Amino acid sequence: MPLAVLALNPSIDAEWIVARVRPEEKNEVCSERRWPGGKGVNVARWLRRFGRRARLWVPLGGLTGRELARQLRREGLPARVFPVSQPTRVNVIVTPDEGPQLRFNPLWHRWPRGEWLRVAAALRARLPRLRWLVLSGSLPRGIPRRAYATLIRDAARAGVASVLDCDGPALAAAVPARPWLVKPNETELAEWSGEALSSDAAVVRAARALAASTEGWVLVSRGERGGLLVHAAEGVSLSARAPRVRVRNTVGAGDALLAAVVDRVVAGAPPAQWLAWGLAAGSAAAACAPGQLPGLPTIQRLAAGIRIRSGSGTP
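The structure displayed is predicted, hence computed values, not measured ones.

Each value, and the rule that gives it
- Residues numbered from 1 in each chain as written.
- Predicted model: local features only at pLDDT ≥ 70, side-chain atom pairs only at ≥ 80, totals over all residues.
- Heavy atoms only, no water.
- Patch = residues over 30% accessible without salt bridge, like charges linked within 9 Å, V, L, I, M, F, W, Y side chains within 5 Å.
- Areas by Shrake-Rupley, 256 points an atom, 1.4 Å probe, with all protein chains shown as cover.
- Salt bridge = Lys/Arg side-chain N within 4 Å of Asp/Glu carboxyl O.
- Lys, Arg positive; Asp, Glu negative; His and termini not counted.
- Charge placed at Lys NZ, Arg CZ, Asp CG, Glu CD.
- Helix = DSSP H or I, 4+ residues; strand = E, 2+ residues; numbered from the N terminus.
- Axes fitted to C-alpha atoms, helices over the stretch in contact; angles between N-to-C directions.
- Parallel < 35°, antiparallel > 145°, perpendicular 65-115°, else oblique.
- Left-handed = near helix turned anticlockwise from the far one by under 90°.
- Contact = heavy atoms within 4.5 Å.
- Nonpolar A, V, L, I, M, F, W, Y, C, P; charged D, E, K, R; others polar.
- Buried < 20%, exposed > 50% of the residue type's maximum accessible area, 1.4 Å probe, protein only.
- 1 Å grid on protein atoms, 1.4 Å probe; cavity = no way out; pocket = protein on both sides within 12 Å on 5 of 7 lines; lining within 4 Å.
- Points joined across faces, edges and corners; volume = space filled by probe spheres on them.
- Phe/Tyr/Trp six-rings, centres within 6.5 Å; stacked < 30°, edge-to-face > 60°.

A. Quick look at a positive patch on the surface. On the surface, Arg-66, Arg-70, Arg-73 and Arg-74 cluster together to form a positively charged patch. In this structure, Arg-66 sits in helix H2 (residues 62–75).

Right under this line is the structure:
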C-alpha cells in the first residue's frame, strides 16, 4: 500500500449534547455520540472517503483502545494497530444548544521508550513499500521531539514524500528535515516564526519563510478566512477564501483540508486544485455534526465556487 498515515495521538471523540453550560451547576448530558478521533485518524477516515486506500498506523491501549479498534474495523478502515500499555484517551466535545463548543483533551500518559522504538522500527521497515507518508498529530509525552524529523529523513532516503501536520517543538525540530509539505494553522505558523501575524502580509511572509526552510510546500489553514499554499523555490503563492457554510462544528476541519489536499496531490492534480478541494472539504466538515463526513457531491459543489488567487496577497 503506497500511502500510510501515522497517528500517534488517537482518541475516542465523545460529543455531549447539553441544553446550556451553567458554571458551578450540574450540567445534564442529554445525549452522547462516540467515534474514532485524533488528527491522524481523522485524516485516514477522510482519505478513505475520497477513495484512497491509506493504511493507518496507530497505537492503542486499554478498553478505549479496543473500542477504537472495533470502530475502525466497523468503518472498514485498514489499520496496523500497535498495542501499548497506556489506555487510549477520550476527548470530550460539549455542544450546547446555543453558544460555543467546549473541548477537553486529556494528555496521554508518558510512553515507555521501548514502545516508541518498536513503532518506529516497524514503520521504517515498511518505508520501501510506500510512496507517501502522512505524519499527523502532536507527539505524546515520552516520545522524543525529534521523532518526526527522524522519520522524515528516513522516508526521504527511501524515496518517500512526507506530509507533516504538528505543532510546537515537534514542528520546529522537523522543519530542518525538509518535509515535502507541512500544514500549520495561523497560530502554529506564528509560534514557529516567533512573531505575531497581525496581517495577511505577515502570514504570507511567514509561510514563505517556512517554505524556504523546508524547500517544499507549505499549506496554511486560516479558518473561515480560507487558506494559503506556498512554494518559495517555485515562486508559487496561492490563496482563497473558504466557502460560506453554516458552521456546526470545527473539530477535524483542518484534518479534512489536509486529507483533501493529499488526495489531489496523489491524483496528480495542479496546486490550485489542491487548495480548492482542501478548502471545500474543510468547509463541508464544519457544516456537519462532529465526527460525520459529508458526501463527495457537497465537496465538489463547494470547490467549484472557490476563486483561487495567485500572487503575494490573500483575498
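B. Just the packing of helix H8 (residues 253–267) against helix H9 (residues 271–286), in detail. Where H8 contacts H9, the axes come no closer than 7 Å and their chain directions differ by 150°. Here H8 lies roughly antiparallel to H9, going by the angle between them. Note that H8 runs across H9; the crossing there is right-handed. Of the residues in H9, those touching H8 at Ala-253, Ala-256, Leu-257, Ala-260, Val-261, Asp-263, Arg-264 and Val-265 are Gln-273, Trp-274, Trp-277, Gly-278, Leu-279, Ala-281, Gly-282 and Ala-285. Here the residues of the contact of H8 with H9 sort into eleven nonpolar, three polar and two charged.

C. Spotlight on the packing of H9 against helix H10 (residues 296–304). At their nearest, the axes of H9 and H10 sit 8 Å apart, and the two run at 125° to each other. It follows that H9 is oblique to H10 by the angle criterion. Pair H9 / H10 crosses with right-handed handedness. When H9 is examined against H10, the residues Ala-276, Trp-277, Ala-280, Ala-281, Ser-283 and Ala-284 are found in contact with a partner set consisting of Thr-298, Ile-299, Gln-300, Leu-302 and Ala-303. The residue inventory of the contact of H9 with H10, partitioned by class, reads eight nonpolar, three polar and no charged.

D. Local environment of unusual backbone geometry. Positive phi outside glycine occurs at Glu-24, with the angle close to 60°. Relative to the helices and strands, Glu-24 resides in the loop between strand S2 (11–18) and strand S3 (31–37). One non-glycine residue, Glu-215, lies in the positive phi region at around 60°. Structurally, Glu-215 can be placed in the loop between helix H7 (200–214) and strand S11 (217–221).

E. Focus on a nonpolar patch on the surface. Among the surface-exposed residues, Val-21, Leu-102 and Phe-104 lie close enough to one another that they form a single nonpolar patch of about 250 Å² accessible area. Tracing the sequence through the fold places Val-21 in the loop between S2 and S3.

F. Broad picture of the pattern of salt bridges. Following the criterion strictly, the structure yields 14 salt bridges and no others. Between Arg-45 and Glu-75 there is a salt bridge; the shortest N-O distance is 3.0 Å. Placement of Arg-45 in helix H1 (residues 39–49) and of Glu-75 in helix H2 is noted, with a sequence separation of 30 residues between them. Residue Arg-45 is classed as buried on the basis of its relative accessible area of 11%. With a shortest N-O distance of 3.3 Å, Arg-178 and Glu-215 are connected by a salt bridge. Remark: Glu-215 occurs in the loop between H7 and S11 and Arg-178 occurs in the loop between helix H5 (168–174) and strand S10 (181–182); sequence separation between them is 37 residues. A residue is classified by how much of its surface remains accessible, and Glu-215, at 48% relative accessible area, is partly exposed. In the salt-bridge network here, residues are joined through shared partners; they are Glu-186, Asp-200, Arg-222 and Arg-225.

G. The environment of Gln-292, seen in detail. Within the secondary structure, Gln-292 is located in the loop between H9 and H10. Separated by 257 residues in sequence, Gln-292 and Trp-35 place their C-alpha atoms 8.9 Å apart.

H. Here's a closer look at the layout of surface pockets. When its volume is computed, the largest pocket comes out at roughly 1,400 Å³. In terms of lining residues, the largest pocket is bounded by 49 residues, among which Arg-103, Thr-250, Gly-252, Ala-253 and Gly-254 are the most central. Going through the elements one at a time, H1, strand S6 (89–96), helix H6 (186–193), H8 and H9 are the ones with two or more residues in the lining of the largest pocket. Grouping the constituent residues of the lining of the largest pocket by class yields 16 nonpolar, 17 polar and 16 charged. By volume, the second largest pocket is sized at about 310 Å³. The wall of the second largest pocket is formed by 15 residues, among which Thr-95, Pro-96, Val-247, Arg-248 and Asn-249 lie closest to the centre. When the residues that make up the lining of the second largest pocket are grouped by side-chain class, the tally is six nonpolar, five polar and four charged.

I. Spotlight on the packing of aromatic side chains. Considering all chains together, one arrives at six aromatic pairs under this definition. Seen from their ring centres, Phe-50 and Trp-277 are 5.7 Å apart, and the 45° between their planes marks the pair as tilted. Remark: Trp-277 occurs in helix H9 and Phe-50 occurs in the loop between H1 and strand S4 (55–60); sequence separation between them is 227 residues. For the pair Phe-50 and Trp-277, a shared accessibility class is recorded, and that class is buried. Centroid distance Trp-217 to Trp-274: 4.9 Å. Interplanar angle 65°. Geometry classified as edge-to-face. Of the two residues, Trp-217 is situated in strand S11 and Trp-274 in helix H9; the sequence distance between them amounts to 57 residues. Each of the two residues, Trp-217 as well as Trp-274, counts as buried.

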